[in-house]
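Notes for the structure review
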Amino acid sequence: MAPGPAGLTPVFERAPQGTEKRVALTFDADMTADQGPRAAAGERFDNPALIETLRRLKVPSTVFMTGRWAEEYPDQAKAIGNDPVFEIANHSYSHYSFKPDCYGLPVLPQKEMAADVERAFAAFRAAGARNVVPYFRFPGGCYDDRALQSLAPAKVTAVQWDVVSGDAFAKDGDAVAEQVLAGVKPGSLVVMHCTRSAAPVTEAAIRRIVPELRARGYRFVKVSELMAERG
Ligand SMILES: [Zn+2]
């Protein structure tokens, strides 16, 4: 996307309200820079079953990956980033917040913001991921004009969403599916997670969401496609 007003990083939330039934499912592969010891103790921040289901159902998807996640799971980052079903976008290296007061996340100093995003792209390259797109999702979705200004040198488009799946810490896949099915409109962008420990029922929800939206005439697209056909 072209730069926003005053050179700020542009922000994309959904395609313009149209009649074409397209929807983009996005999956945040969260892992915070300080969670290495938890991963070493056995906590799983990945979700291979979810990725496998998206592949099997042929659902084009965008994975917003943190650099720290790619370092923890380089083989998966490479496999996702070489599979045409997926594209990898940037969810920061550290998963620290780009704005104060964001769900208790540690806050990144302003002067480190662009470097944190670049460091994630470097981690994707180091893992051998190829299908990487210049989109960025703020950790927690939290941002302000200072953050948009600081990220301008990184030349990314910030990507938010219009449908919250509610999969974080959910215990009931059907409830997540119902929330998504109730919220999707033509051109919607849905936020979900690819992090088993924090979003354990996402794969089950997907198995319901995908056939039901297809039955309603929806086509799944990556964010790049949703954005390309924009307005
Ligand atoms: Zn996140």
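Just above sits the structure.
Note that this is a predicted model, so its numbers are computed, not measured.

1. Some words on the state of the cysteines
One pass over the structure, following the stated rule, counts one disulfide. Here Cys 102 connects covalently by a disulfide to Cys 142, the sulfurs 2.2 Å from one another. Across the S-S bond linking Cys 102 and Cys 142, the dihedral sits near 75°, which makes this disulfide right-handed. With Cys 102 in the loop between strand E4 (86-90) and helix H5 (113-127) and Cys 142 in the loop between strand E5 (132-136) and helix H6 (145-150), the pair connects residues that are 40 residues apart, well separated along the chain. Classification of Cys 102 as buried rests on a relative accessible area of 1%. This cysteine, Cys 194, is not joined by any disulfide, and Cys 102 carries the nearest cysteine sulfur, 20 Å off.

2. Digging into helix H2 (residues 48-56)
When H2 is considered as a whole, its buried residues turn out to be Leu 50, Ile 51, Thr 53 and Leu 54. Buried residues along H2 cover an arc of 160° about the axis, so they all sit on one side. Buried residues belonging to H2 abut strand E2 (22-29), strand E3 (61-65), helix H4 (74-80), E4, strand E8 (188-193) and helix H8 (202-215). Lys 58 lies just past H2 and shows a positive phi near 55°.

Basis of the calculations
Residues numbered from 1 in each chain as written. Predicted model: local features only at pLDDT ≥ 70, side-chain atom pairs only at ≥ 80, totals over all residues. Heavy atoms only, no water. Disulfide = S-S within 2.5 Å. Helix = DSSP H or I, 4+ residues; strand = E, 2+ residues; numbered from the N terminus. Buried < 20%, exposed > 50% of the residue type's maximum accessible area, 1.4 Å probe, protein only. Arc of directions from axis to C-beta. Contact = heavy atoms within 4.5 Å.

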